[in-house]
Amino acid sequence: MEFLRREYPDFGHGDFRTSSYEIVSSKAHTLSGIKYEKYECFKGRDRVFGMPHVRIGSEEEAETLIIHLYDSFLQIRMKIFYLLLEDYSAIVRKVSFENISNEPVKASKLMSFSIDLPSASYDLMFLKGAWSRERHVERVPLHKGIQSIGSTKGSSSHTFNPFVALLDKKTTEHQGEVYGFSLIYSGNFLALAEVDNFDITRVMMGIHTQGFSWVLKEGEVFYTPEALLVYNNEGLNGLSQEYHKIIERHIILEKYRNDVRPVLINNWEATYFNFDEDTMLTIASEARNLGFDLFVLDDGWFGKRNDDKTSLSEWTPNYDKLPNGISGLSKKVVDLGIQFGLWFEPEMVSEDTRLYNENPDFVLGHFNYPKSHGRNQFVLDFSNEAVVNEIFERMKRILNDSSVSYVKWDMNRSITEAYSQSLSKEHQGEFYHRYILGVYKLYEMLTNAFPHILFESCAGGGGRFDLGLLYYAPQTWTSDDTDAWERVKIQYGTSMIYPIKSMGSHVSAVPNHQVGRNTSLKMRHDTAIFGTYGYELDITTMSDEEKIEVRNNIEFFKTYQNLIHHGKFYRLLSPFDGEAASYMVISECQSKALVYYSHGLQVPNAPLSNLKLRGLDPAKKYRIHGAKSSHHGDELMNLGVLFTESYFEKDFIDNFLKPGDFKSLILEITEIK
Ligand code: GLA
């Protein structure tokens, strides 16, 4: 067995590499003898309940292969599912386990897939980070033995994203073979690559094994989360383009596929907890005048919440700040001619609340041990259905009573004491997975009850940016770090798999609240438009010139919104390789493109740089707004754009060429017929 390439390897029959599952039974402990039984094949896909998954519109879009396996002694049935997406080089995989014996069986490991590739010569690429610097790109050579990333924080986390890629050594952004693996899941995960001494690379992904076990009673079935496996031979950028299309078409809700997302203003960095109805209405009214579509009231509107120590779970208005409640405020905002959005943190509870004190069993942790604070708050037990229902009722009351068209669902701490008082001791190992199923359940209840509400997910910024949540909420707050140069890196990394239209990105104040850096309004705008555009600063204190700039910025974004959100995306220069970053979008018919270019610290006496574009039609002639002459596509792609005074009009390039840190340019490119 140890020489073979295997499909869903067990342990105990001569394959000493990492196994993809482990079952513990009273009959044979960890031994099992699962054998091939039969297969079935059909158009379309199997039905899925309660878990995010790949959506299929019509049966023609996909085909399913199911391999049935059976252990006649343990009486366990296993099925390996393969869903082939017709239009993409992608396979969706998952596994189910069914106990058909008359006694319980425990699984202590159930990976979503395993695959053995016939080479040891790959690089591993993944997205790493921490709060305020999520999804930075890392590429390392695979070595003999095991390399892995994962999360044990209860959420997919800021630390690693549930995505890895294996690249041929010579693969670049635009050339070469690459295999992408990602989990459609928002909880603890493990992604592992093992290179053996016979030059086979085994890759597997699934729910993290730390603390995991699942007891299957007689007749019960367990389904692993789905994994999306994508192959591309046009480099990393080709892989990203494939992922973007699959996510737009098969993960997010269909109604958000071609919609126009609202340009929003969020009050968080403008006021933090310090606001009242008047200040909110002043911001909303100014926002309306400047062309915003949506005003979002962030944290601090409920209970006695004037700082982050209190009131979570009390989803009733703070009447000291908002005498007319959310109902009154939201209606006044809507009367101004702008939509209203609201922040919630449904999974959390503060110590000073009735919920915490009257229902201690609703809070995670064991009564014999201290519970750890995280941002002064505790985590509700979402593995308990009663908790999910209670929070749904509380949110429903306020949403029914107000004119809310957008909800930001936040989650500001990790799970530490993973113990549920609602689960018996045999079932505690199921907690983490049941918790995230509870999160999905609440998303499902809310999106069904309020289909007109647009959800944006968030977890202390981008701590739960994953395909599981994109299934319910089509956009995610990418990071709490809104500094333009830091954001370029975060958005660049995020674009590896996630579409531009899924990234919440805002212009915020300077000096920036996270890193203290000053960047121009232009650079903050240029960076934020490659996402779902918004602002997060006090527009009422801006000068008249700045307000005009904001109005023009919004107009500019709206002109290009369709191209940015639906165009083909190309990364051109990586901020992880030097001081410059660049990417572009181009329309399907190759007649319009928008290019982003920026640099961080000024390089002294820098060499002349030429930015080579991608995706243009070599034979078409293009005009670059601000350039002195027109150019053919082949010239722009092979020679590139030159950032010089001889190439561009002085007015256009002058400021950019003056020495200075943190400068940006947007190039608008149109075909000349
Ligand atoms: C998190 C979010 C922020 C903001 C605050 C409010 O940090 O990422 O955008 O909503 O919570 O407490």
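The shown structure was predicted, so the numbers you read here are calculated from the model rather than taken from an experiment.

If you had to explain the pairing of strand β3 (residues 62-71) to someone new, which residues and values would you point to?
The buried fraction of β3 is high, at seven of ten residues. Taken together, the eight bridges between strand β2 (residues 35-43) and β3 define a ladder with antiparallel strand orientation. The partner of K35 across the bridge, within β3, is Y70. Strand direction decides the pairing type here: β3 and strand β4 (residues 76-85), joined by ten bridges, are antiparallel. What sits directly across from Y70, in β4, is R77.

With reference to specific residues and values, describe the side chain of H174.
Along the chain, H174 falls in the loop between β10 (160-168) and β11 (178-183). You can call H174 buried: its relative accessible area is 18%. Looking at H174, its side chain comes within polar contact range of the main-chain oxygen of R571, at 3.0 Å. Contact partners of H174, with chain neighbours within four places excluded, come to E234, G235, N237, Y570, R571 and R614.

Just give me the short version of the packing of helix α9 (residues 484-494) against helix α10 (residues 521-528), but keep the residues and values in it.
Closest axis-to-axis distance for the α9/α10 pair is 9 Å, and the angle between their directions is 15 degrees. Considering their axes alone, α9 and α10 lie roughly parallel with respect to each other. The handedness of the crossing between α9 and α10 comes out as left-handed. For the pair α9 and α10, contact is made by A484, W485, R487, V488 and Q491 and by M523, R524 and T527, respectively. A breakdown of the residues in the contact of α9 with α10 according to their chemical character gives four nonpolar, two polar and two charged.

Got a sec to walk through a negative patch on the surface? Specific residues and values, please.
A cluster of like negative charges, contributed by E59, E60, E63 and E86, occupies part of the molecular surface. Judged by relative accessible area, which is 32%, E63 ranks as partly exposed.

Give me the lowdown on the environment of I184, citing residues and values where you can.
Mapped onto the elements, I184 comes out in the loop between β11 and β12 (189-195). Separated by 474 residues in sequence, I184 and K658 have C-alpha atoms that sit 46 Å apart. Look past the residues within four positions of I184 in its chain and what remains in contact with it is P52, H53, V54, P225, E226, I251, L467 and G468.

Report on the sheet that holds strand β29 (residues 592-599), specifying residues and quantitative values.
Read across the open sheet, the six strands follow the order β27-β28-β29-β34-β31-β32; overall the sheet is antiparallel. Two strands bound the open sheet, and with one partner strand each, they are β27 (568-573) and β32 (631-632). Examined bridge by bridge, strand β28 (residues 580-586) and β29 share seven bridges and lie antiparallel to one another. The partner of M584 across the bridge, within β29, is V595. Along the sheet face, helix α11 (residues 544-566) touches β27, β28, β29 and β34 (663-672) and points at about 100 degrees away from the line of β29.

Please set out the site of the ligand residue by residue, giving values where relevant.
Near the ligand you find 13 residues, and of these D298, D299, K408, D410 and D480 are the closest. Within the side chain of D299, an N or O atom sits 2.6 Å from an oxygen atom of the ligand. At 2.7 Å, a side-chain N or O of K408 approaches an oxygen atom of the ligand. Of the residues belonging to the shell around the ligand, the class tally is four nonpolar, three polar and six charged.

Hey, could you go over the sheet that holds strand β17 (residues 264-266) for me, with residue numbers and the actual values?
Sheets are built from strands paired through backbone hydrogen bonds, the pairs being either parallel or antiparallel. Taken in spatial order, the eight strands line up as β17-β18-β19-β22-β23-β24-β25-β26 and close into a barrel, and their pairing is parallel. Geometrically, the sheet is characterised by an average inter-axis angle of 30 degrees between neighbouring strands, direction not taken into account. One ladder, built from two bridges, connects strand β24 (residues 475-477) with strand β25 (residues 503-508); its direction is parallel. Bridge assignment links T476 to a residue of β25, and that residue is M503.

Could you give an account of the side chain of S505, naming the residues involved and the relevant values?
Along the chain, S505 turns up in strand β25. Residue S505 is classed as buried on the basis of its relative accessible area, which comes to 1%. With sequence-adjacent residues up to four places away left out, S505 is seen in contact with W477, R487, Q491, A528, F530, G531, T532, Y533 and G534.

Would you mind going over the nonpolar core in detail, with residue names and values included?
Counting residues in hydrophobic clusters, the biggest one holds 182 residues, and the most contacted among them are L85, F292, F295, L297, W301, F530 and L594. Counting residues per element, this core draws most heavily on helix α7 (residues 431-449), at ten residues. Discounting residues that sit within four places of it in the chain, W301 has contacts with F275, W315, T316, P317, N318, L322, I326, L342, W343, F344 and I398. Formed by 25 residues, the second largest nonpolar core is a distinct cluster that contains L572, A580, L611 and Y622.

Reading the values: rules and limits
Residues numbered from 1 in each chain as written. Predicted model: local features only at pLDDT ≥ 70, side-chain atom pairs only at ≥ 80, totals over all residues. Heavy atoms only, no water. Buried < 20%, exposed > 50% of the residue type's maximum accessible area, 1.4 Å probe, protein only. Helix = DSSP H or I, 4+ residues; strand = E, 2+ residues; numbered from the N terminus. Pairing = 2+ DSSP bridges. Polar contact = N/O pair within 3.5 Å; in protein donor to acceptor, adjacent residues only side chain to side chain. Contact = heavy atoms within 4.5 Å. Axes fitted to C-alpha atoms, helices over the stretch in contact; angles between N-to-C directions. Parallel < 35°, antiparallel > 145°, perpendicular 65-115°, else oblique. Left-handed = near helix turned anticlockwise from the far one by under 90°. Nonpolar A, V, L, I, M, F, W, Y, C, P; charged D, E, K, R; others polar. Patch = residues over 30% accessible without salt bridge, like charges linked within 9 Å, V, L, I, M, F, W, Y side chains within 5 Å. Areas by Shrake-Rupley, 256 points an atom, 1.4 Å probe, with all protein chains shown as cover. Salt bridge = Lys/Arg side-chain N within 4 Å of Asp/Glu carboxyl O. Lys, Arg positive; Asp, Glu negative; His and termini not counted. Charge placed at Lys NZ, Arg CZ, Asp CG, Glu CD. Near = heavy atom within 4 Å. Core = buried A, V, L, I, M, F, W, Y, C linked by side-chain atoms within 4.5 Å.

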